[in-house]
Every structure is written in structure tokens, then in C-alpha cells.
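Listed here are the chains, written in short residue letters.
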Amino acid sequence: MDGRGKASSGIQQKVELLKTIRYIRVVNKSLLKWISFHSDPMTQIYDSETAELLGYGIAGDAYDGASRFSKELASYSPMIRSADADILPAKRIADARTRDTVRNDAYVASGATLRKDNIVGSYYMLNAKPVTTVLFGKEDDKWEDEFQEEVEEKFGLWAESFENWPDASRINTLTGLVRMAVDHHTVQGEVLAAAEWLRDQPRMFSTAIQMIDVDRLSTPPEFSGDTQVRGGVRRNQYGAPQVYYVRMAHPSDWMSPDSYKWKPVDIRKPWGRLQMLHIYEQLRPDQSRGMSAMVAALSEMKMTKNFRKMVLQNAVLNATYAATIESELPTEAIFAQLGGESMTPEKIQEALSGYMGGHYQTLDSYMAGAKNLHIDGVKIPHLPPGTKFKLQGAGQGGPLGSEFEQSLLRHIAAALGVSYEQLSRDYTQTNYSSARAAMNETYKAMLSIKRMVADRFATTVYTLWLEEALNKGEITSVRRSMPSFYEKQFKEAYTASDWVGASRGQIDELKETQAAILRINNGLSDLETENARLGADWRKRMRQMKREMEWKEFYNILQRPGT
């Protein structure tokens, strides 16, 4: 290297050194300012992350539950993560465990069925309530009645037909689909369905719902690094879902080539018609998927099942042996007395039979007529010294039904949102007031799930059907001059509705019927509400009552003497 090259290299090194020194000075200056600020005793640190990094237990000083020095909580340091970071890695194993528990635990399966029976019942009935003040700017009771009558009858025929028109797979009626949705929400914490448009004959309406296993909702490999795609759902900057990526087959169907293909489905059509229905309870912001409430009690569910199994096995084992003989003599001493220490099992059995047989024959000949050695004609053997004869009670096992098992069942009942009495079918320690209180609490829990899951699912199906029916001109009560289904909030005004599901049930029919009459007479309730409590449609009931009154009057005229 010549002199110029060396000079140039030396200059570059000096420049880099000066830059480094300048950077160090800037860092030191900032660090000195930070130290002087935080070393001031009058300065308060309000940044919790900085305090945690510095080791200050600010929150722990004020809250026992956040103390870092508590003996009970010192090692309890859960991770602070986003909602999806908590849920998505644990989603598959949690769903697998909850499904297995529902399949193999009778109590948990019964609790899941209780939810469906208490929310949906045997018939999920539409109660249309169009909002005429939004549609026409004023109330129009006559048109409301006309619309309700027509829509409820036509929708009911389609929804509950045994041809199963609402189900794309032609297996379930609307009620069956709603029950499945509630069951999916119970076991998996979310419901996933697609709105299909089927043209097969002889369909009158092309709208159909395809239920989708939530295992098929996943992120394709090519989007694994895309921060907007989480758990198979693409969301915009506000967190609203835009596209769902659904596997063409279940992940476990690895032999099918469709298992490795994904289909992107937009949540809505360009004109707003819903294509994907994803229902789950969002407990935290930015949460993309749901988690079953059963997960919190899975340990108790597993322990309860193992407890019952062990107690049952113990009972069966005890019932196998009618009696046992207990001796204080060691095994070696018994074998030595019977003829030696090294004996084969056959020789041991032969020696034991001979020894005990001779002993019992001697006792029988000596005490054959002793009445005090009989119980109801059954002889009691006289055993060798140091030996006890113990009778085993058939089925004697353990504390099934005890407070321990009850406490475990209460955990399961709490996770499922039902009362202990309903889950266990044990009403032995319950009076009317307690049963009524438990029923009210269960009713409130079921009402919230009904509104969030069952009503939302059924209303979505109803909205899709009504949109098609209006476009086909099947609803004659809606004239051409009326507001369009797609403008403003008219869609919500047309599809506003309530749903009548399972009856609330009555413990004391006389008392509760009297209470219902008092509520109606004092303006605290109405026929619609009280009939809905019993799972009935008040308009159909009033029409039926009118028919019956007319028949009664007709027969009274025929039976009147002299006419």
C-alpha cells in the first residue's frame, strides 16, 4: 500500500472514532439526565414497565395480590400476553380435551344437554317484530299484524320442515341447527357457519346454512408471517374480520388432498349479504377466536371422573370377595409350619387345604350341635389362633355422593352455567325457595347465552331468508312502494324479532300461575311475555282459545233443552 492509501485509511479511522465518541457523549448525557431525574426523591415513577424493569414493587406495595415478596404468590408470575397469544397456541389441545370430556363424562355431557334444553328446547319459534316507526315514521299496528302473520307462517314452514331446507346438508331443521350452535359454543367456545346459495330442486328458497368445524378455520402457510391473519381470520386495522380461511377438509383427514387446501371466503358479498357467521364471546380486545368456559374446570372434570371410576372399581373388588381371613402370622412362619420354606404353589395349596380341612373337621366333630355357632342356620367357622374372619359388604366402596364429590360437581356446574341440583339430579337437600333461587340464576345465565348465541344465529338465518323472500316477491304484505331492504337501517327494521325457545319451567304451578295473573292484571307483564315463558306463541294460543269458545257455544246451543 502506498502513502496515499495509508493516509486515507488513517483519516477514515479517525472519523469513525470521532463518531463513536460523539455517540457515547450523547448516550452519557441522556443517561445522566435520566439518573438525575429518577434519583430525585421528589420524583415519582409512574411508568409500570420501567418500574418492573428496575425491580420496584410499586403495585405490590399497595396490593397484596401483586406483591413480589408474598410467600404464597412469590412464584406466581403469569406471562403478560395479548389475547391471541394466550388463546391460539392452546386452542387445539383445549378443544380436543373439552370434546373428549363431553364424550366420556356423563355429568359433563348431561350439562351440555341441559344448556341446549334450557335455551332452545324442542322448537325455536320466530316472533317477528318489525319496527314501523323506522319504516314509515309512525306506528302501524295493522301492518305489523299482517306482516307478522305472513312472515311467521311462511318462515316456520320453511325452517321446521322435515325436508330440512335450512341445512345445506339436509340433516337438521332450524331448531336442530340452533341446538348444534349452542353445543359448539359450550364445547369449543365459538360457532362457525357459512351461508350457501343452493339451486338444487325442488327448493323454493336457495338460502341454506353450512355448519363448519372450527378446526378447519386456520391460517394458510403462505400467510403465517402476516400480522393481519390470526387463527385463520384476516382483519383490517380496526380488528373487523374481512376474510376467513377455511380448510377444504379436516386437518386430521391427512389422506385427503383437500386437507392441504384453503378456501378464502369474504365475510360479506359486495352488496352486504353475510357469507360467514362466526360467533364467540370476546373477553379481551383484539381477540380473534373463542375459548370454551369448560377449560377453566377441566382439571376438576378429569379428577371427578377418575374419582368415580376408582370408587366404582373399589366397590366391584369388594363385592368379589364375600369374606376375607386375616392372620397375624408372617407368611414364612405359616409355610414353615405347613411343611417347609421352599414349596411350589401347588404344594402350598395342597398343604393349606389339608391343614385347614383337618382343623375344620376336628372342630365340626367337636362342636356339631353347638347352637351358639349358627346364624339363621349358617355355621360360623372357628379359626386358628391369631386369625380373623371378616365379612365384606357387597358393593362397599367409598364416598360416592359425599361432600367431596359434591364440591367437584359444583365446579363443573359453575363452568357450564347450570345449578348443582340440575347437573347432579340431586334435589334431596333442596326446598322450594332454594330450587327457585337456583332456577333463577340458571335462567339468567341461559338468557344471556340465548341472546348472544342462539338468537344471533337464528336471526342471521331469518335475515338471509327474508332477503331472498322479499327479492322473490313472496312476502305480499311488503308492497313495492315500501322502503328498500338495503337502505339505511331498514334491514334491521324489517328483521327485528324475538325468539321463543325452551319453557322456563314451573316448580309450583299454582303459585307461579297466580303470580303471572297478578303481573298481567297490574300492568307488569303481558300475554306475549307470559306465554313466551311457557314456550308458546300468544297469538296462536288466543286463536285456539277463540275456536274452543265457539265450539263450546255451539254445543251448548245443541244441548239446550227445548230447542
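Our structure's up above, just so we're on the same page.
Keep in mind the model is a prediction, meaning the values are calculated, not measured. (Residues numbered from 1 in each chain as written. Predicted model: local features only at pLDDT ≥ 70, side-chain atom pairs only at ≥ 80, totals over all residues. Heavy atoms only, no water.)

Some words on the sheet that holds strand 3 (residues 207–211)
The strand order across the open sheet built from three strands is 3-2-8, with neighbouring strands paired in antiparallel fashion. Edge positions in the sheet fall to strand 3 and strand 8 (276–280), since each has one partner strand and no second. With direction set aside, neighbouring strand axes in the sheet form an average angle of 25 degrees. As judged from the five bridges shared by strand 2 (residues 190–197) and strand 8, these two strands associate in the antiparallel manner. What sits directly across from Ala 194, in strand 8, is Met 276. Its contacts with the sheet place helix 8 (residues 174–188) against strand 2 and strand 3, and it is angled at close to 145 degrees to strand 2. (Pairing = 2+ DSSP bridges. Helix = DSSP H or I, 4+ residues; strand = E, 2+ residues; numbered from the N terminus. Axes fitted to C-alpha atoms, helices over the stretch in contact; angles between N-to-C directions. Contact = heavy atoms within 4.5 Å.)

What about the nonpolar core?
Grouped together as the largest cluster of nonpolar side chains are 74 residues, with contacts concentrated most on Phe 457, Tyr 462, Trp 465 and Tyr 494. The greatest single-element share of this core, amounting to 12 residues, is contributed by helix 14 (residues 432–471). When neighbours within four sequence positions are excluded, Tyr 462 is seen to be in contact with Leu 126, Ala 128, Phe 147, Val 151, Phe 155, Tyr 494, Thr 495, Ser 497 and Trp 499. (Core = buried A, V, L, I, M, F, W, Y, C linked by side-chain atoms within 4.5 Å. Buried < 20%, exposed > 50% of the residue type's maximum accessible area, 1.4 Å probe, protein only.)

Observations regarding the sheet that holds strand 5 (residues 233–235)
Judged by pairing direction, the sheet is antiparallel, and its four strands sit side by side in the order 4-5-6-7 without closing on themselves. If you trace the sheet from one side to the other, it starts and ends with strand 4 (229–230) and strand 7 (262–266), each paired once.

Focus on the side chain of Ser 292
Checked against the element boundaries, Ser 292 lands in the loop between strand 8 and helix 9 (298–320). Residue classification places Ser 292 among the buried residues on the basis of a relative accessible area of 4%. Looking at Ser 292, its side chain comes within polar contact range of the main-chain oxygen of Thr 186, at 2.6 Å. At 3.4 Å, the side chain of Ser 292 forms a polar contact with the backbone oxygen of Val 187. Residues contacting Ser 292, with those up to four places away along its chain left out, are Thr 98, Thr 186, Val 187, Gln 188 and Gly 189. (Polar contact = N/O pair within 3.5 Å; in protein donor to acceptor, adjacent residues only side chain to side chain.)

Here we look at the pattern of salt bridges
A complete count under the given rule lists 24 salt bridges for this structure. One salt bridge in this structure joins Asp 86 and Arg 284, with 3.0 Å as the shortest N-O distance. Taken together, the positions of Asp 86 in helix 4 (residues 83–104) and Arg 284 in the loop between strand 8 and helix 9 put the pair 198 residues apart, joining distant regions of the chain. With a relative accessible area of 35%, Arg 284 lands in the partly exposed category. (Salt bridge = Lys/Arg side-chain N within 4 Å of Asp/Glu carboxyl O.)

Details of the side chain of Arg 247
Here Arg 247 is to be found in strand 6 (residues 241–247). For Arg 247, which is buried and forms no salt bridge, the nearest opposite charge comes from Asp 215, at a distance of 9.3 Å. Not counting residues within four places of it along the chain, the set of residues in contact with Arg 247 comprises Arg 216, Ser 218, Ser 259, Tyr 260, Lys 261 and Trp 262. (Lys, Arg positive; Asp, Glu negative; His and termini not counted.)

What about unusual backbone geometry?
Backbone geometry at Asn 164 places phi at a positive 60 degrees, although glycine is not the residue there. In this structure Asn 164 comes out as buried when scored by relative accessible area, which is 11%.

Regarding the packing of aromatic side chains
Here the structure, examined in full by the defined rule, presents 15 aromatic pairs. Summarising the aromatic geometry, the rings of Tyr 124 and Trp 499 are spaced 5.6 Å apart at their centres and angled 5 degrees between planes, so their arrangement reads as stacked. Here Tyr 124, found in the loop between helix 5 (106–119) and strand 1 (125–128), pairs with Trp 499, found in strand 13 (residues 497–500); they are 375 residues apart in sequence, far enough to count as distant. The same class applies to Tyr 124 and to Trp 499, which are both buried. Judged by centre distance (6.1 Å) and plane angle (70 degrees), the ring pair of Phe 155 and Trp 499 falls under edge-to-face. In this pair, Phe 155 is assigned in helix 7 (residues 141–159) and Trp 499 in strand 13, connecting sequence segments 344 residues apart. Of the two residues examined, Phe 155 and Trp 499, each falls in the buried class. Here the aromatic residues Tyr 124, Phe 155, Trp 158, Phe 205, Tyr 462, Trp 465 and Trp 499 are joined through ring pairs into a cluster of three or more. The residue whose ring lies beneath Arg 234 is Phe 223, and the NZ or CZ to ring-centre distance is 5.1 Å. (Phe/Tyr/Trp six-rings, centres within 6.5 Å; stacked < 30°, edge-to-face > 60°. Lys NZ or Arg CZ within 6 Å of the ring centre and 35° of its normal.)

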